[in-house]
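# A structural walkthrough
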Amino acid sequence: MTLTMKLLNGASLCHGCCRHKVFLQLLGPLPSDSKLYSSYRRPGAEPEKKPSWQNADFSFKKGIDVLKTQLSLLKQETQDHVKGPGGQPLSQYLLEQTKVVWQFRSQEDLNKWVVSSDVEIGGKSEVYLKLGRNNQGALLYGTLNTEVPRDGETKYSGYCSMRAKPPLDDLYNYFMFTRGGPYWEEIKIPFSKFFLSSRGRVQDSQHPIWLDKISTLGFTIGDKLDGPFQLEIDFIGLLNDRAHTEEFAYEAYDKNTPV
């Protein structure tokens, strides 16, 4: 411990009179002509009316400054020596528990995402993406329209989405619900809760998502309610929650089980 070791090291060098110097270091330096250590008085001299300890230069500000310095050294030494799992420094281990993957602070951050809607199939929904107030967060907004195109082929319409990369056919999904504002909320979604779908249809054969195969992330709004919408996102990250032990939340079985 830095503070304790410094006091002990100082005491070993000052011998008999060190105790006062060491502990008064926290209050301020002693003057060179201090009479704190001696009660000698020449014959005929008048006794000192002021107590000897008042001759010391007690500086509260200097004491606080020295105390802050020693505590910061103690904190640094503790962080350097305390080890986390796997022999990693504790500070590094704690930083690795939460990793911000996407944050939205500039137009460059928004350019990493693409937006799309049912306009691609002849629908009438509109979607836009811009920076939020004070360039803090991304604001996804627009208008949802469930009117089906009159092409004789399309049966469903009414969706808007944003993705970090172009969409894929096979996706893992999770239905996310928000309180609707106006306050921020933190939503944590375990990977075990994602289920497999292909071209918008939930698959009968389910299995856990392969974490090393994840290549994109997106949000799709399609609640079949016509009208305006908006979703504001501050950041997206990964959290290592060791208390979560569930591997897969859904029943996994083989449809073609051999007899």
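Computed from a predicted structure; not experimentally measured. (Residues numbered from 1 in each chain as written. Predicted model: local features only at pLDDT ≥ 70, side-chain atom pairs only at ≥ 80, totals over all residues. Heavy atoms only, no water.)

## What to know about the overall build of the chain
- The helix and strand tally for the chain stands at five helices and eleven strands.
- Going through the 259 residues of the chain one by one, you find that 22% of them count as buried.
- In the chain, once contacts between residues fewer than 6 apart in sequence are set aside, the share between residues at least 24 apart is 64%.
- In the structure as shown, the chain presents an accessible area of about 19,900 Å², 54% of it carried by carbon and sulfur atoms. (Helix = DSSP H or I, 4+ residues; strand = E, 2+ residues; numbered from the N terminus. Buried < 20%, exposed > 50% of the residue type's maximum accessible area, 1.4 Å probe, protein only. Contact = heavy atoms within 4.5 Å. Areas by Shrake-Rupley, 256 points an atom, 1.4 Å probe, with all protein chains shown as cover.)

## Description of the sheet that holds strand E10 (residues 227-233)
- Strand order in the open sheet formed by three strands is E3-E4-E10, with antiparallel pairing between adjacent strands. Two strands in the sheet have a free side with no partner beyond their single neighbour: strand E3 (126-131) and E10. The sheet shows a mean angle of 15° between the axes of neighbouring strands, taken without regard to direction.
- Bridging between strand E4 (residues 138-144) and E10 involves seven bridges; their strand directions are antiparallel. The partner of leucine 140 across the bridge, within E10, is leucine 231. (Pairing = 2+ DSSP bridges. Axes fitted to C-alpha atoms, helices over the stretch in contact; angles between N-to-C directions.)

## Regarding the environment of arginine 150
- Inspection of the secondary structure assignment puts arginine 150 in the loop between E4 and strand E5 (160-163).
- Linking arginine 150 and glycine 122, residues 28 residues apart in sequence, is a C-alpha distance of 8.4 Å.

## Things to note about the nonpolar core
- Phe104, Trp113, Leu140, Phe219, Phe229 and Ile233 are the most contacted members of the largest nonpolar core, which has 17 residues in total.
- At the level of elements, E3, E4, E5, strand E9 (218-221) and E10 are the ones that each hand at least two residues to this core.
- Not counting residues up to four positions away in its chain, the partners in contact with phenylalanine 229 are Glu126, Val127, Leu140, Tyr141, Gly142, Thr143, Leu144, Cys160 and Ile221. (Core = buried A, V, L, I, M, F, W, Y, C linked by side-chain atoms within 4.5 Å.)

## Some details on the pairing of strand E7 (residues 195-198)
- Across two bridges, E7 lies against strand E8 (residues 201-202) in antiparallel orientation. Residue serine 198 lies in a different strand from E8, and its bridge partner there is arginine 201.
- Between E7 and E8, which pair antiparallel one after the other, the connecting turn spans two residues, and arginine 199 there sits at a positive phi close to 55°.

## Regarding the confidence of the model for the chain
- Looking at the chain, pLDDT values average 77 and 69% of them are 70 or higher.
- Counted against residues more than four places away or in other chains, residues 1-37, with its pLDDT under 50, gives 46 contacts. (pLDDT = per-residue confidence, 0-100.)

## Let's talk about the pattern of salt bridges
- Counted under the stated rule, the structure contains six salt bridges.
- With its nearest N and O atoms 2.9 Å apart, the salt bridge here joins aspartate 234 to arginine 105. One end of the pair, aspartate 234, is in the loop between E10 and strand E11 (235-239); the other, arginine 105, is in the loop between strand E1 (98-103) and helix H5 (107-110), with 129 residues separating them in the sequence.
- For aspartate 234, a relative accessible area of 24% corresponds to the partly exposed category. (Salt bridge = Lys/Arg side-chain N within 4 Å of Asp/Glu carboxyl O.)

## Topic: unusual backbone geometry
- Omega for the peptide link from glycine 181 to proline 182 comes to 5°, which places this bond in the cis form.
- For proline 182, the position within the fold is in the loop between strand E6 (170-173) and E7.
- Despite not being glycine, asparagine 135 has its phi angle at roughly 55°, a positive value.
- Within the secondary structure, asparagine 135 sits in the loop between E3 and E4.
- Given a relative accessible area of 43%, asparagine 135 falls into the partly exposed group.
- Here the phi dihedral of lysine 224 falls at roughly 65°; this positive angle occurs in a residue that is not glycine.
- Secondary-structure assignment places lysine 224 in the loop between E9 and E10.

## Topic: the packing of aromatic side chains
- Inspection of every chain in the model, using the stated rule, returns eight aromatic pairs.
- For the ring pair phenylalanine 104 and tryptophan 113, a centre distance of 5.8 Å and an interplane angle of 50° mean the geometry is tilted. Neither residue differs from the other here; phenylalanine 104 and tryptophan 113 are each classed as buried.
- Arranged with centres 6.0 Å apart and planes meeting at 45°, the rings of tyrosine 174 and phenylalanine 194 form a pair that is tilted. With tyrosine 174 in the loop between E6 and E7 and phenylalanine 194 in the loop between E6 and E7, this pair connects stretches of sequence that are 20 residues apart.
- We classify phenylalanine 194 as buried; its relative accessible area is 14%.
- Of the aromatic side chains, those joined through ring pairs into one cluster are Phe175, Phe195, Phe248 and Tyr250. (Phe/Tyr/Trp six-rings, centres within 6.5 Å; stacked < 30°, edge-to-face > 60°.)

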